Amino acid sequence: MKIESVIRLVNIMVSEKNYPNARNMIINEWNRLTEAQNYVLLHSNAQQFLKIIKEELEQGTFGTLSDSDKKVLILVNRYIKDLQFRTAKRICEEHQVLLERPEAQKWLTSEARYIYEVWKKSV
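The paragraphs below set out a description of the structure included in this document. (Residues numbered from 1 in each chain as written. Predicted model: local features only at pLDDT ≥ 70, side-chain atom pairs only at ≥ 80, totals over all residues. Heavy atoms only, no water.)

## A short note on the overall build of the chain
Item 1. When you go through the chain residue by residue, the secondary structure sums to 10 helices and zero strands.
Item 2. Each helix (α) and strand (β) of the chain, taken in turn from the N terminus, gives the series α-α-α-α-α-α-α-α-α-α.
Item 3. In terms of overall size, the chain is more extended than a compact globule, its C-alpha atoms giving a radius of gyration of 18 Å where 123 residues would be expected to give roughly 14 Å.
Item 4. Dimensions of the chain, computed from C-alpha atoms along their principal axes, come out at roughly 55 × 25 × 20 Å.
Item 5. Buried positions account for 33% of the 123 residues belonging to the chain.
Item 6. If you take every contact in the chain between residues at least 6 apart in sequence, the share linking residues at least 24 apart comes to 58%.
Item 7. For the chain, the exposed area adds up to about 8,300 Å²; of that, 52% sits on carbon and sulfur atoms. (Helix = DSSP H or I, 4+ residues; strand = E, 2+ residues; numbered from the N terminus. Rg over C-alpha atoms; globule rule 2.2 N^0.38 Å. Buried < 20%, exposed > 50% of the residue type's maximum accessible area, 1.4 Å probe, protein only. Contact = heavy atoms within 4.5 Å. Areas by Shrake-Rupley, 256 points an atom, 1.4 Å probe, with all protein chains shown as cover.)

## Overview of the nonpolar core
Item 1. If you look at the biggest cluster of nonpolar residues, it comprises 17 residues, and the most contacted ones within it are Val10, Ile26, Leu33, Leu42 and Leu50.
Item 2. When residues of this core are traced back to their parent elements, those giving at least two are α1 (3-15), α2 (19-28), α3 (30-33) and α5 (44-59).
Item 3. Examining the composition of this core, we find that six residues originate from one element, α1, more than from any other.
Item 4. Excluding its chain neighbours within four sequence positions, the residues that come into contact with Leu33 are Ile3, Val6, Ile7, Val10, Met25, Ile26, Asn38, Tyr39, Leu42 and Leu50.
Item 5. Core analysis: the second largest hydrophobic core is formed by 16 residues, Leu65, Ala104, Leu108 and Ala112 among them. (Core = buried A, V, L, I, M, F, W, Y, C linked by side-chain atoms within 4.5 Å.)

## With respect to helix α6 (residues 67-81)
Structural remark: α-helix, 3.6 residues per turn; residues separated by three or four positions point the same way.
Item 1. The end-to-end C-alpha distance of α6 is 21 Å, a good match for the 21 Å that 15 residues give at a rise of 1.5 Å each.
Item 2. Residues of α6 that are buried: Asp69, Val72, Leu73, Val76, Asn77 and Ile80. Along the long axis of α6, the arc covered by the buried residues comes to 135°, so they all point the same way. Structural note: α6 exposes Asp67, Lys71 and Lys81 on the side pointing more than 90 degrees away from its buried face.
Item 3. Looking at the buried side of α6, the elements it contacts are α7 (85-94), α8 (96-100), α9 (102-105) and α10 (110-122).
Item 4. Looking at the residues trailing α6, positive phi occurs at Leu83, about 60°. (Expected span 1.5 Å × (residues − 1). Arc of directions from axis to C-beta.)

This is the structure we're talking about:
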């Protein structure tokens, strides 16, 4: 695929908040998209997204959480936000090993991290 088409598709996917597909395309075309002449053709949001992926790669946190792990963390965040503490606590108890991982802590909202720490101390 031509790089112009890749850039156009990445820009469209990021603007439509289709981040999983944008991430896959960025990873597949990493070498070409990180070249200076191609990078400047990306929209500012796409450039920021590329920087986030680059940071993840440098920190070694890229790909350490599976999709199912991320879904569990998103559920915990949602249940705590919606004040459904009983369900959130049950999920936290079932996935305690996951929630202890540093990369998983980054996925939790500040409220979810705080409540999870309180629950840990009360056990």
